[in-house]
Amino acid sequence: MDKYIWLIPLLPLAGFVINGLGRNALPKNVIGTIASLMVLLSFALSVGAFLQVKSTGAPINVTLFDWISVGTLHIPFSFLIDQLSSIMLLIITGIGFLIHVYSIGYMHHDAGFGKFFAYLNLFIFFMLLLVLGSNYVIMFIGWEGVGLCSYLLIGFWFTNPSYADAAKKAFVMNRIGDLGFLIAVFLIIQTFDSVAYADVFAKAGKLNSGNTTLLLITLLLFVGATGKSAQIPLFTWLPDAMAGPTPVSALIHAATMVTAGIYMIARSNILFTLSPVTMNVIAIIGLATIIVGALIALTQTDIKKVLAYSTVSQLGYMFLGLGVGAYTGAFFHVLTHAFFKALLFLCAGSVIHAVSGEQDMRKMGGLRGKLPVTFITMLIGTLAISGIPPFAGFFSKDEILAYTYVHSPVLYVLGVIGSMFTSFYMFRLMYLTFWGKFRGTHEQEHHLHESPASMTIPLIILAVLSTIGGFMGVPKALGGSHWLEHWLDPVIAGSTKLIGEFSLTHNTELALMAISFTGAVLALIYAYVKYVKQADIPVADTEERPALVKLSYHKFYIDELYDTIIRKPLDYLSGFFYKVIDKMGIDGIVNGLGQTAVESGKGLRLLQTGNVGFYLFMMVIGIIAVLVFSLYSFIKI
Amino acid sequence: MTVSILLFFPLLAALVLLFIKGNAAKNAALFFSLVELAIGIVMLTQFVPADTSRQFAVDYPWIPKLGIYFTAAIDGINIIPVLLTIILVPLIILTTFKHQYQNASAFYALILFMQAGLLLVFTAFDGFLFYVGWEIALIPIYFICGMWGGENRIKVTLKFFIYTFAGSLFMLLAIIYLYLQTPDKTFDISRFYALDLPFDKQKWVFGAFLLAFAIKMPIFPLHTWQPDTYTEAPSAGTMLLSGIMLKMGIYGAIRWMIPVAPYAFFEYQNNPLWLAIIGIVYASIIAFRQKDGKRLTAYASIAHVGLIAAGLLAWNVQGLQGAMIQMLNHGIEVVGLFFVWDIISRQLNTRDVTQLGGIAKVAPQLAIAFLIIVLATVALPLTNGFIGEFLLLNGVYRYNVWMAAVAGLTIILGAVYMLRMYKNVMQGETNALTATFADITLVDKIVLGVICALIIIIGVYPQPILHLSEAAVSKLVTAVNDKIVLSIKHVSQPLGK
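Quick notes on the rules
- Residues numbered from 1 in each chain as written.
- Chains lettered and ligands numbered in written order.
- Predicted model: local features only at pLDDT ≥ 70, side-chain atom pairs only at ≥ 80, totals over all residues.
- Helix = DSSP H or I, 4+ residues; strand = E, 2+ residues; numbered from the N terminus.
- Rg over C-alpha atoms; globule rule 2.2 N^0.38 Å.
- Buried ≥ 20, exposed ≤ 12 C-beta atoms within 10 Å, placed from the backbone.
- Contact = placed C-beta atoms within 7 Å.
- Core = buried A, V, L, I, M, F, W, Y, C linked by C-beta atoms within 7 Å.
- Domains from an automatic or database assignment.
- Expected span 1.5 Å × (residues − 1).
- Pairing = 2+ DSSP bridges.
- Nonpolar A, V, L, I, M, F, W, Y, C, P; charged D, E, K, R; others polar.
- Axes fitted to C-alpha atoms, helices over the stretch in contact; angles between N-to-C directions.
- Left-handed = near helix turned anticlockwise from the far one by under 90°.
- pLDDT = per-residue confidence, 0-100.

Novice: Summarise the overall build of chain B; cite the residues concerned and give the values.
Specialist: From N to C terminus, chain B includes 22 helices and 2 strands. What you see for chain B is a C-alpha radius of gyration of 22 Å, in line with the 23 Å of a compact globule of 497 residues. Overall, chain B is about 80 × 55 × 45 Å in size when its C-alpha atoms are taken along their principal axes. Here chain B holds 497 residues, and the buried ones make up 64% of them.

Novice: Any details on the overall build of chain A? Residues and values, ideally.
Specialist: Within chain A, the regular secondary structure consists of 25 helices and 2 strands. Principal axes of the C-alpha set define a box for chain A whose edges measure 105 × 60 × 55 Å. Per-residue burial for chain A yields a buried fraction of 54% across its 637 residues. Of the contacts formed within chain A by residues at least 6 apart in sequence, a portion of 80% connects residues at least 24 apart.

Novice: Help me get a handle on the nonpolar core, residues and values and all.
Specialist: Val185 and Ala342 of chain A together with Ile111, Leu112, Phe209 and Ala310 of chain B are the most contacted members of the largest nonpolar core, which totals 433 residues. Counting residues per element, this core draws most heavily on helix α15 (residues 327–354) of chain A, which supplies 18 residues. Among the domains, domain 1 (1–134) and domain 2 (135–553) of chain A are the pair contributing at least three residues each to this core. If near-sequence neighbours (up to four positions away) are discounted, Ile111 of chain B is found in contact with Ala29, Val89, Ile93, Ala236 and Leu240 of chain B.

Novice: Go over the environment of Ile270 of chain A, please, and point to the residues and values.
Specialist: Residue and element names in this part refer to chain A. Along the chain, Ile270 turns up in helix α12 (residues 269–273). Along the sequence, Ile270 and Trp67 sit 203 residues apart, while their C-alpha atoms lie 26 Å from each other. Excluding its chain neighbours within four sequence positions, the residues that come into contact with Ile270 are Phe201, Ala204, Gly205, Gly494 and Ser495.

Novice: Account for helix α14 (residues 293–313) of chain B, naming residues and giving values.
Specialist: All names here are of chain B. Across its 21 residues, α14 extends 30 Å between first and last C-alpha, which sits within 8% of the 30 Å expected from 1.5 Å per residue. Burial within α14 is extensive, with 21 of its 21 residues counted as buried. Trailing α14 by a residue or two, Trp315 shows a phi angle of about 50 degrees, which is positive.

Novice: I'd like a rundown of the pairing of strand β2 (residues 73–81) of chain A, residues and numbers included.
Specialist: Residue and element names in this part refer to chain A. Bridge count for strand β1 (residues 60–70) against β2 is 9 bridges, and the pairing is antiparallel. Looking across to β2, one finds that Phe65 is bridged to Phe77. Here β1 folds back onto β2, and the loop between the two strands holds 2 residues, one of which, Gly71, carries a positive phi near 55 degrees.

Novice: Any details on the interface of chain B and chain A? Residues and values, ideally.
Specialist: Taken together, the contacts link 49 residues of chain B with 48 residues of chain A. It is helix α20 (residues 410–426) of chain B that contributes the most residues to the side of chain B that touches chain A, 7 residues altogether. Within the side of chain B that touches chain A, the residues separate by chemical class into 32 nonpolar, 10 polar and 7 charged.

Novice: So what about the pairing of strand β1 (residues 55–63) of chain B? Which residues, and what values?
Specialist: All names here are of chain B. The pairing of β1 with strand β2 (residues 68–74) spans 6 bridges and is antiparallel. When the sheet's bridge partners are listed, Gln55 is paired in β2 with Ile74. The antiparallel pairing of β1 with β2 creates a hairpin that spans 4 residues between the two strands, and Gly67 there sits at a positive phi of about 70 degrees.

Novice: Account for the packing of helix α18 (residues 409–434) of chain A against helix α22 (residues 506–533) of chain A, naming residues and giving values.
Specialist: How two helices pack is summed up by the angle between their axes together with the distance between the axes. Residues and elements named next belong to chain A. Across the interface, α18 lies against α22 with an axial gap of 8 Å and an inter-helix angle of 35 degrees. Handedness of the α18/α22 crossing: right-handed. Contacts between α18 and α22 involve Val416, Ser419, Met420, Ser423, Phe424, Phe427, Arg428, Tyr431 and Leu432 on the former and, on the latter, Ile515, Ser516, Gly519, Ala520, Ala523, Leu524, Tyr526, Ala527, Tyr528, Tyr531 and Val532. A per-class count over the contact of α18 with α22 returns 15 nonpolar, 4 polar and 1 charged.

Novice: Tell me about unusual backbone geometry, and name the residues and values.
Specialist: With omega at 5 degrees, the peptide bond leading from Ile232 of chain A into Pro233 of chain A counts as cis. The residue Pro233 of chain A is located in the loop between α8 (212–228) and α9 (237–240) in this model. Cis peptide bonds are those with omega within 30 degrees of zero, and the linkage from Phe220 of chain B to Pro221 of chain B qualifies with 0 degrees. Inspection of the secondary structure puts Pro221 of chain B in the loop between α8 (199–216) and α9 (225–232). Backbone geometry at Phe556 of chain A places phi at a positive 60 degrees, although glycine is not the residue there. Structurally, the position occupied by Phe556 of chain A is in the loop between α23 (547–553) and α24 (558–601). Located in the positive-phi region is Asp196 of chain B, a residue other than glycine, with phi close to 60 degrees. Tracing the chain through its elements places Asp196 of chain B in the loop between α7 (189–193) and α8.

Novice: Let's hear about helix α17 (residues 364–377) of chain B: which residues, and what values?
Specialist: Residues and elements named next belong to chain B. Its 14 residues give α17 an end-to-end C-alpha distance of 20 Å, which sits within 8% of 20 Å, the value for a rise of 1.5 Å per residue. Burial runs high along α17: 10 of the 14 residues are buried. Along α17, the residues classified as buried are Leu366, Ala367, Ala369, Phe370, Ile372, Ile373, Val374, Leu375, Ala376 and Thr377. The positive-phi residue at the C-terminal boundary of α17 is Ala379, with phi of around 60 degrees.

Novice: Outline the confidence of the model for chain A, listing residues and values.
Specialist: Summarising the model, chain A shows a mean pLDDT of 91, and 94% of its residues fall at 70 or more. Segment residues 606–610 of chain A is flagged for pLDDT under 50; beyond a separation of four residues in sequence, or across chains, it makes 9 contacts in the model.

Novice: Account for the environment of Thr259 of chain A, naming residues and giving values.
Specialist: Residue and element names in this part refer to chain A. Considering the arrangement of structural elements, one finds Thr259 in the loop between α10 (246–255) and α11 (260–267). Along the sequence, Thr259 and Ile138 sit 121 residues apart, while their C-alpha atoms lie 17 Å from each other. Apart from the residues lying within four places of it in its own chain, the contact partners of Thr259 are Ser229, Met318 and Val334.

Novice: Quick rundown of the confidence of the model for chain B? Include the residues and the values.
Specialist: Residue and element names in this part refer to chain B. Taken over all residues, the pLDDT of chain B has a mean of 93, while the share at 70 or more is 99%. Per-element mean pLDDT across chain B ranges from 85 in helix α22 (residues 463–496) up to 97 in helix α3 (residues 79–95). In the predicted assembly, ipTM is 0.93 and pTM is 0.94.

Below is the structure:
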């Protein structure tokens, strides 16, 4: 198996090259087939790698070549497949493949079909590098590479300037986080004299808890994570990223890329466990993001925006989990979220496809009968995200909440409130979309249709995964054995030893589950009353909203705030630097000096303006003199 | 084989070109520059990176009475700037193929003449020869800008000339001073290295060199000649200036300034380093709102060169290796950027970003090439720019964490102005001006293809390039650091007693 590992990222890269070069020449079905096939082959190899790790229990290490080697700094291009990365590989290539297949149907009418699949393959390549890397710099290649693909795909329809702006915003905000990551890497090099995970973790394990350097490293890495995984304060790019085609939202902005921050922290768990302050920061930022994301999602009317804020909020749960030391739980939620959120986005895509590109839920409604497959699969996704047992999200979210309860009951209560919001806004979405009467135009109503099989089959597969996905981590309180916890044990063993065993009686755990379940059900009933019984359709943008609703609807004016305190001052500064400091100030002094020189030189009649010819003349004379002189001495010899 | 072939071939070629009229001058110039490239590549294959002594050396007594020798060679310190020069000149000549210049033979002769001067600067091991090369490289670019430039060319070129010439006079003074200090009155650099001047003498030598090199790069606040000159110069002139000529300053600091005045450098290191770093942020912020694409790129270049300067001034193996590879990378990228602006202004007669837009729709191939160059400029991993900036920032970090944090802002600010520029030019809907824009054709494709290929190849597999300078750089760093340590001991001992 080791011999073929390099093919896992290389196959999608080959797909990118082939489709990139042949994007205008190759027929659409060939492009779609090549792109999907490459990812499928990677998936097959990933399964092989997973099985090998499973049977041997030992990680696979592969070094390809020496990438950067300067002085004592050695950065090999090398891969590591262990329990953590092998699962990520399966998710990336598995869900990636389904989304490729879905896209064949979804993007069929788009002029940029070939370009789209080339970008999608490129994304898979970088995402695979991110998880395959056996050191922080290779991870960073993937980290920034997926950011590039995100930029390219958000701005896929770049002729729309606001889409191009959204793409730029995503890239720049990610870059802010990336600077944190980069400086953390430098700090790691300085502290551990290596960037390889194996060296870093071994050496870090010997440090004391609360070590200042580790605190700095972990805080900086977390800054990186807030960018990529859309946490406060760097989350505002993700909702705008919905400008990209919907399969992109599903793959990049829900299932894979945005969870890179969680992967990175889970990967570096020992560093974080030894930095309790950072852990608290992560838990609090995560929780704040849960609440803010959920509050905004409550009032959005664009179906994709609801899902986007939901993603922000769900990512918050994962960070809350990391912050309270529930590494398995957080990673578990990465997996289940990948299933149900990819599903929800693809369902939303199917809905948008059916209503001729409309994304405003105020103009939907009553789609149950027209889109039966989309409806049922989306309902499963909604049940999963809302934490209704036995669907996938229930198990992972409750594991995070249980750990949170042990950590701090206050955080737990807020987490449960967030989960009630989740249930509310998701069922609100369902009711507004599928219940009631159709509110769009006759034209749209006439065209309503279920999506083709290439789109519905991925929905069905993801729905199945969203239904049964939770069973990989059934807690002991429910009589399960929690396979995932055992599987990940080698990766997080060091942290487990430090944190200690999870201690909660089964009865308490069951009570906690009952609380969050009841909360979710109450929320969905309330949503039913409000949106189905009372048919309380959100008002048009022109109408006045109550103050709090308005605040939520306008996303707490955070974009406006950033614009006022960052973008505008910087743009002002740009003009000021250019006109006042550069032109008038520095260049003024330079010109003044020049003038003075000219004035004072006038007496000598040597330095008059325009007399540069004189310099040249002197210089040429000088050079000729040297040449003559050398010729002279040459002859004399 | 000695380096003299590399030095005299372009000089001879320039003379021959003067007699080739019309369109043939273009082709001849390209041919000669390709021959030069071939000669260089042959030398590259024979070059031994592990050998830190002078290779392909020529040592001819030029004016032995005055201790002036024609001493030139290639080693690990100058191999990269030499490579940069021989790679970029044919590319730059190719970028001019769509232009019809008056007096074409003079124009191309001057380019090749300049190439000879630049190569002399990089390969000279004799102080006098170095200075001669320095001025020889300046004369042709002065004429190129002054005769083929834009509307304000006379005024702007004059300022550029006086400014850089003033700097080089200080350098000449320093070289003559060093010459006078040598026991046997020689300009040989190894004697300069061996001088071991007292601190109060070193500081003047250091200051004089720093002034010349800082103007050339340029480092903030000595940069104000640069945006005007880059904007007014004809496209090929801008490329020669930004792609190759400014590396004279970087190279000069590594070869001539720091090893000759190590202790003064050590004492004052902080000041030029902070200036370089302030320049990164300052020029980046100015670049945000520049409307003229060339001027925007000029400010971006100040920012990027500021980082190279910072990395080299941090004076450790990472920073210096970063400076080495980034000299090459920056040359490739900046020529690419200015070429894209040349292509755009050639067709549309404007470089105002606010008037453009939507070009990607009508010229997808140009859009792809431009994007790759932009990504290299913002140092995306797997492009060459990342290798350079990662090492440079790491080098600065090893010197001072806060400096690295401020310098690191370039990866954010760079993304802002570069992507803003890309968006304004390439994305959005086409307008009346850009709707009829035609995509690139064969010659342009070759140039941009080579540039993009270099960007990706160096980005994916930089080790062969890094290896070229590795041994020489670590030897130089160690030698200078040893001298600094000695000087510190020397100074502190009397105090101790």
